[in-house]
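Structural features, examined
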Amino acid sequence: MKYRFSSLLLLPLLAVLLLAACSDGDRAASTASSTTTLSEEERAQVDAFYASKPDFFTYATPEALPADLVWQDGQDEKPFADPNAKRGGTVRSFILDWPPTLRFVGPDSNHSMRSVFLDDNKMSLCELHPVTRHWIPGLAREWAVGADKRTVYFRLDPDAHYSDGVPIRADDYFYTFYFMQSPHINDPWYNNFYGERFSNITRYDDYTISITLSEAKPDPLFYTTLAPTPAHFYRVLDEHFVEKFQWRFEPTTGPWELLPGNLKEGEHITVTRVKDWWANDKKFYARRHNPDRRRFTVIRDFQIAFESFRKGDLDMFNLTMPEYWYDRSQNIDEVKKGWIHRAAYYNNVVQPTIGLYINRANPVLDDKRLRQGIHYACNWQRVIDFHFRGDYARLKGEADGFGEFDHPTLRARPFDPDKARALFAEAGYSKAGPDGILVNAQGRRLSFAVSMSNSPNVKILEIIKEEAKKAGLELNLDVQEPTTNYKKIMSKQHEIAFSGWGVGLPYPRFWDNYHSVNAYGVDGKLLEQTNNITSTADPELDAVIDRYRISGDIAEMIEMAHWMEEYLYDEASFVPGYKMPFYRLGYWAWVQFPEGFDVPLSEGPNQYGLYWVDEDKRAQVLEAKKQGRALEEKTKTYGEKPE
């Protein structure tokens, strides 16, 4: 639900603590208490919260359900996993840096590798079918949308339970609102979303609930298909929440869990397949997430990691970057002899907003003319043509891939040093110093730091930096380890940040990144730990964002989206970078994929988990490698390439 940093920018980061053997005792130790229910005192405190909001939390009986509900179960959709997939084995990968926390909420929780633990793991009431984009069951076995387009009714799957064996019931969804609305989690995004976007949750029995939005929506399932929160793990929240759960893994509803015995600080972490995962044999989850283990080793250099992949110490490697697809992997022996296979998969996803985020909290950068000049000073087309070999395209703007919500005419500003210099001159930077960088009357150089993570993407910004000099602009690259860079950006200490946010269906969202409540607190101080990393705060924009969020009229929402895209284009706090309609992967031949390789909504092989490990094939490949014997070379393109 919450925006995450794009995995296209920040490669896997995971936090871990100690190393020991796995055991059932480890599984029990992963919960906050040995009891699976709240004590009477704890229950009384949580119930008091519910009682304080009687219009929000209500209790009813099944007889109170509307008689005209049309229940759906999604069973007419087809499964998308390969029936030949095998269970078992270990998939080895790597991480560049240590994440700041294992928490899903609160400070520093929105790092890139939350996808391993949360986004691609924790289940919701319903899920989108990744081929048809129709709803299929998740934790709910049936659902029905009310006539008001605000209320959705759910019947929970009685088989569903957490990884520690505790069953999932209606009370877990009541507790979710207690948890997410609590100030103790120190997370304004969740406080706002769960506090303002919903008006009611009703419990009809242990397996039946309804969730009501504050306003009607064309498809309310996108907003109401929530994940539960385990009360038996978090119990009653207090001011020590952030520290208490900094390094504790929440019992999950998904296939992967992190046991305390499977981690060693600074070296590696292993997530394991949940024993007897409740959805193992469910129609849309069978033959998915097939390995027994996924092991991540800390390798702080991308090139060293690639060499580990070539040696067979890693099973898969992201080859999306052209340097690794064309130069480093195309003609190596491991590929030519068929031991390593390569695949390019063209997907159909909305595009992450990758580019430069200009922090308007910096008084110099609060000048719109400077920001617009920076747009014209950035030669993204050279990056695309030279660095990306023409495979990528320019991101249009704030919304790209949302159909009618995309602005019909606006496009990112092209590289134009003359226009950049004219705007810089209007802002007072008209004289060139001895090195060609512009200065103002006070002698201040037109120079800014660009915060970014240490990764192959540094080469992209080196091109941007060199080209910007042609416009008299100096961009100094502030390259940090991913976790350090993330903390700096989320603390709003950057001048300009090269970053990206993952986005999702059904519509572009503006509140997270541009509403003033995510820029400044009521005391006027800059807010940390929000997605508004441009520090944008404008009452006129706020008013349109607020109307957009509550609208249930598609035509009206499209009109407002276009207005906001025009506004943000003019304000120029975000410099659109690039987009890619595919991902590319290298994998040892013992890793097997379905005939079509993946599904259209997938951003990477682990999102839907359709691959598997063939241990017999592993033995064959390793024997061929030992003998130097060639197998069948395989580099293949899958999916539908856009025109």
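In this report, the structure presented in the accompanying data block is examined. Nothing here was measured: the structure is a model prediction, and the numbers come from that model.

A word on the overall build of the chain. Each helix and strand counted, the chain has 21 helices and 27 strands in total. For 643 residues, the compact-globule estimate of 2.2 N^0.38 gives 26 Å, and the C-alpha radius of gyration of the chain, at 25 Å, lies within 12% of that figure. Here the analysis covers contacts within the chain between residues at least 6 apart in sequence; of these, 76% occur between residues at least 24 apart. Between the averaged position of the 77 positive side-chain charges in the chain and that of its 93 negative side-chain charges there is a distance of 5 Å.

Side-chain direction in a regular strand flips from residue to residue, so the side chains alternate between the two faces of the sheet. Across the six residues of strand S15 (residues 353–358), six count as buried, placing the element largely inside the fold. As defined by bridge partners, S15 adjoins strand S21 (residues 496–501) across six bridges and the pair is classed as antiparallel. Its bridge partner lying in S21, Thr353 is registered against Trp501. Sheet topology places S15 next to strand S22 (residues 574–576); three bridges connect them, and they run antiparallel. Directly across from Gly355, in S22, lies its bridge partner Pro576.

With that settled, the discussion passes to the packing of aromatic side chains. Tallied over the full model, the rule gives 61 aromatic pairs. Seen in terms of ring centroids, Phe306 and Phe317 are 5.3 Å apart; in terms of plane orientation they differ by 65°. Their pairing is edge-to-face. Of this pair, Phe306 sits in helix H9 (residues 302–311) while Phe317 sits in strand S13 (residues 316–318), placing them 11 residues apart in sequence. As far as the burial class goes, Phe306 and Phe317 line up, both buried.

So, on to the sheet that holds strand S27 (residues 635–639). Read from one edge to the other, the open sheet built from four strands follows the order S13-S24-S14-S27, with strand pairing classed as mixed. Among the strands making up the open sheet, the edge pair consists of S13 and S27. Across the sheet, the mean angle separating the axes of adjacent strands is 25° when strand polarity is ignored. Pairing analysis gives three bridges linking S13 to strand S24 (residues 582–588), with the strands arranged antiparallel. If you follow Asn318 over to S24, its bridge partner there is Leu585. Packed on one face of the sheet, H9 meets S13, strand S14 (340–346) and S24 and runs near 145° to S13.

For the rest of this paragraph, the subject is the sheet that holds S22. Ordered in space as S20-S19-S21-S15-S22, the five strands form an open sheet in which the pairing is mixed. The open sheet has two edge strands, strand S20 (474–480) and S22, and neither has a second partner. Strand-to-strand twist in this sheet, taken as the mean axis angle between neighbours without regard to direction, amounts to 30°. Along the sheet, helix H15 (residues 458–468) makes contact with S15, strand S19 (447–453), S20 and S21, crossing S20 at roughly 165°.

Here the focus is the environment of Phe388. Tracing the sequence through the fold places Phe388 in the loop between helix H13 (380–387) and strand S16 (393–394). Sequence separation between Phe388 and Thr320 is 68 residues, and the spatial gap between their C-alpha atoms is 9.6 Å. If near-sequence neighbours (up to four positions away) are discounted, Phe388 is found in contact with Met321, Pro322, Val383, Ile460 and Tyr578.

Basis of the calculations
- Think of each chain on its own: its residues are numbered from 1, step by step along the sequence as written.
- pLDDT decides what is reported in this predicted model: residues at 70 or higher carry local features, side-chain atom pairs at 80 or more are listed and counted, and totals for whole chains, interfaces and linings draw on all residues regardless.
- Only hydrogens and water are set aside; all other atoms, that is, all heavy atoms of the structure, feed into the side-chain values.
- Under the scheme used here, helices are H or I runs from DSSP no shorter than 4 residues and strands are E runs no shorter than 2 residues, and both carry numbers assigned from the N terminus.
- Note that the radius of gyration is over C-alpha atoms, with the globule rule given as 2.2 Å times the number of residues to the power 0.38.
- Pairs of residues are marked as contacts when any of their non-hydrogen atoms sit within 4.5 Å.
- Note on charges: Lys and Arg go in the positive column, Asp and Glu in the negative column, and His and the chain ends are not counted at all.
- Positions of charges follow a simple convention, taking NZ of Lys, CZ of Arg, CG of Asp or CD of Glu.
- Partly exposed describes any residue whose relative accessible area lies between the buried limit of under 20% and the exposed limit of over 50%, with all areas from a 1.4 Å probe on protein chains only and scaled to the type maximum.
- The criterion for strand pairing is that DSSP finds at least two bridges linking the strands in question.
- Two rings from Phe, Tyr or Trp (for Trp, the six-membered ring) form a pair when their centres are within 6.5 Å of each other. A pair whose planes differ by under 30 degrees is stacked, one over 60 is edge-to-face, and the rest are tilted.
- Here an angle of 0 to 180 degrees is reported between the N-to-C directions of two axes, which are lines fitted to C-alpha atoms, with helices fitted over the stretch in contact.

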